[in-house]
Each structure stands twice: as structure tokens, then as C-alpha cells.
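Below, each chain spelled out in residue letters.
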Amino acid sequence: MKKSIQKVLMAAFVLAATLMLAPSVDAKAYGITQINPAKDSITVTWTAEPDATNYKVYVGESYSDAVLYAVLPATATQYTISGLPAGCEKYVAVKYTYQSSSGNTYEYNVGSDYDLRTVPAKVTGVKQEKWWYFIKQFDVIWDDVESADSYEWIVYNNSGKKLKSGTATGNRFTYSKKVSNTMVYKVKVRAKSTICGKTYTTPWSSYGYFFTQPRVKSVKATNGKLTIKWDKISGATGYEVFVSTKKTTGYKKVKTVSKSKSSVTIKKFKSSKIKKSKKYYVFVKAIKKVGSRKYTSGKLYYWNSKNSSYGYF
């Protein structure tokens, strides 16, 4: 028992002696502060450490992958990490090197921060993730802005009337307020981020356009022609019509028509005359052209010429 007590006392004495020889980590850690937020850089500052022989700056996505980014002289109290993308978030740590009178070198933390951020730029990639035809709602997504605290969004109908606005904490939301399956909607988004006590709001994104695949009302095959009719999409600039003799493969675009059309008649498919006895499968895509960009409704359903029933791709 006495030997155990002696060992404990000896360990405590060695620890105390060590602390007297080297500066305390806690006493020397003054921390780092981000200043002058910018879109392409992060600037940090710190209080000078009298015992420092130099400073080392570490940068990464997190503590575990941070790498040495710069070695600075002992006079440094500020550093700018440049060439960063707008709206990013970085882990930054600053350490100083201290050399004791006995010649031993120690490295201590000045400070670190897990969420130092650049100012976000305009949101990009606003698009339709999915349209829910039967429950009449659609999902909106966009490219994530890492440094954003929140997002604001606005939904408009095809005529430009504002329908609803809201906020999101992530890069998506679902819109379900009286959605029409025969309407083109448009959405814009912007990001908000508070850095160094100041809130930055980005410009509004370019519009994303949202609409579903036109529903085919009828498909009729007679000897000599295939007639296809569909529901118009308000705001579409045209339609593309596809035909196949198989359910999910072999589709060929047979017609592109203007927004005023809601039916087509096909007399041949792959150089063969249309036959009443043959089953044909069809689908229609709605097109929305904005400047040089072309948006489409994609494909989800197909219909057949025997009974106009639908199936899923």
C-alpha cells in the first residue's frame, strides 16, 4: 500500500516539474477570429504569442483531413487562405512553435474553428427532382451552398404571378399548393449566410422550370394511321411525340409540334404502314424553351393503342 502511494506521489512530482518547464497549452491558446469575409478567401487573425518561433496554418474539410497550408514568421498575426470557392466551409487551425531553454521544440494550438466560411454566390442548378402526378405536387432541388444558413424561394405560375414564398434549411423543398398537372411553374432561390455577425444574401438564382409529362387522352390505330391526342401544358413551347411497338424500349421520335397542337396523326412507323391489328406504345414530352436552353418534362408513362391504358417506364 505504501509503495503504491509513493508511486502516485512520484508521478505527481514529475508532472508538476514538466509543467514548470513548458508553457501551459490552455494559458497560451488565445483563439483565432475570422475577419473581412469574401467570396474567394478566408482571413483569420490571432493575438501574438511572445514565445513563438513561427506559426503554422492547417486547412481542411474537417480536423481529420487538415493539412499544413502555410508556415509564417513569428511576427505574423493574420493570414488569408485564398483561391477558395464561394460558399464553402473550412476547418482552420493555427499553431505556434515554441523552443524551450533546454533546446526542446514544442507545438501548441493558438486556436481553431470548424466552420469558417466564404461568402456564398448566386444559387445554381434549380431544377425539378420529381413530379407527383396523382397527388399533385413537385419536388425542387438545387446545388447545395455549403456556407448557407438557409434559403429563400418563390414559386410563380406560367403567367408570372407569385403563388407562394418560403424558406428552407436544406437545398430542397416540396411544393403542393393547388398544383395543376397542365401548367408550367417557375422557381427562383437565394441563399442567406451570417458570417462574422453580418448576414449576406445572394442575388436570386436563374429560374428553374417545372412541369409534368402531358397525359395522353387517346391513342387509336386504324389501317393507315395512328392518331394521338394529349392534354396541353400551359406555358409549354412545343411537344415531342414518341412511338414504339414495345412497352419500354425502341421508342422513336416521330413528330415535333408547336404549343398550339394537342394531337398528331402518324401514317407510317419505321417505314411500315400503321396496322390496326398491331399494338403501338406512345408518350409525349412537353418542351419549354427559354433563350438557348431547352427544358423537357421527361418520360414516366406510356400509353398503348389497344385501350389507351398507361404503364410506367
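Treat the numbers as computed from the prediction; the structure is a model and nothing was measured. Note on numbering: residues in each chain are counted from 1, in written sequence order. Residue-level local features of this predicted model are given only where pLDDT is at least 70; pairs of side-chain atoms are given and counted only at 80 or more, and the full residue set underlies all totals for whole chains, interfaces and linings. The basis for every side-chain value is the complete set of heavy atoms in the structure, and neither hydrogens nor water enter the calculation.

Engineer: I'd like to hear about the confidence of the model for the chain, residue by residue, with values.
Structural biologist: For the chain, the average pLDDT comes to 90, and 90% of its residues sit at 70 or higher. pLDDT is a residue-level measure of predictor confidence that goes from 0 to 100. The contact criterion used is simple: two residues touch if any of their non-hydrogen atoms lie within 4.5 Å. Predicted confidence for residues 1–29 stays below pLDDT 50, and this span has 13 contacts to residues more than four positions away or in other chains.

Engineer: Describe the layout of surface pockets, listing the residues and the values that go with them.
Structural biologist: The definitions used throughout rest on a 1 Å grid laid over the protein atoms alone, on which a cavity is an enclosed set of points accommodating a 1.4 Å probe that cannot get out and a pocket is an open set flanked by protein within 12 Å on both sides along at least five of seven lines; lining residues are those having an atom within 4 Å of a point. Grid points are joined across faces, edges and corners, and a volume is the space filled by probe spheres set on the points. The computed volume of the largest pocket comes to approximately 150 Å³. Residues of the lining of the largest pocket, tallied by class, amount to four nonpolar, five polar and two charged. Gly counts as polar in this scheme, as do all residues outside two lists: the nonpolar Ala, Val, Leu, Ile, Met, Phe, Trp, Tyr, Cys and Pro, and the charged Asp, Glu, Lys and Arg.

Engineer: Any details on the pairing of strand β6 (residues 89–99)? Residues and values, ideally.
Structural biologist: Relative accessibility under 20% of the residue-type maximum defines a buried residue, over 50% an exposed one, and the middle range a partly exposed one, all with a 1.4 Å probe and only protein chains included. Only runs of H or I of at least four residues qualify as helices and only runs of E of at least two qualify as strands under DSSP, and these elements are numbered from the N terminus. Of all eleven residues in β6, eight are buried; the element is thus mostly enclosed. Summarising the sheet, β6 and strand β7 (residues 105–117) pair through ten bridges and their orientation is antiparallel. What sits directly across from Y98, in β7, is Y106. Two strands are said to pair when DSSP picks up at least two bridges between them. Between β6 and β7, which follow one another and run antiparallel, lie five residues, and G103 among them has a positive phi close to 95 degrees.

Engineer: So, the pairing of strand β17 (residues 225–230): which residues are in play, and what are the values?
Structural biologist: One ladder, built from six bridges, connects strand β16 (residues 216–222) with β17; its direction is antiparallel. From the neighbouring strand, T222 faces β17, where its bridge partner is K225. As judged from the four bridges shared by β17 and strand β20 (residues 263–266), these two strands associate in the antiparallel manner. Along β20, the bridge assignment pairs I228 with V264.

Engineer: Explain the nonpolar core residue by residue, including any values.
Structural biologist: Counting residues in hydrophobic clusters, the biggest one holds 47 residues, and the most contacted among them are F138, W142, V187, L226 and I228. Examining the composition of this core, we find that four residues originate from one element, strand β13 (residues 185–195), more than from any other. In this view, V187 contacts V126, F138, V140, I154, V155, F173, S206, Y207, G208 and F210; residues no more than four positions away in its chain are not counted. Membership of the second largest hydrophobic core comes to 21 residues, among which are I32, V44, A76 and V110. Residues belong to one nonpolar core when they are buried, are Ala, Val, Leu, Ile, Met, Phe, Trp, Tyr or Cys, and are joined through side-chain atoms within 4.5 Å.

Engineer: Describe the sheet that holds strand β3 (residues 52–60), with residues and values.
Structural biologist: Reading across from one edge, β4-β3-β6-β7 is the order of the four strands in this open sheet, with antiparallel pairing throughout. Two strands bound the open sheet, and with one partner strand each, they are β4 (67–73) and β7. Taking each pair of neighbouring strands and ignoring which way they run, the sheet shows an average axis angle of 20 degrees. Relative to β6, β3 runs antiparallel, the two sharing eight bridges. Across the sheet, residue G60 finds its bridge partner in β6, namely Y91. Note on geometry: axes are lines fitted to C-alpha atoms, helical ones only across the stretch in contact, with angles between N-to-C directions running from 0 to 180 degrees.

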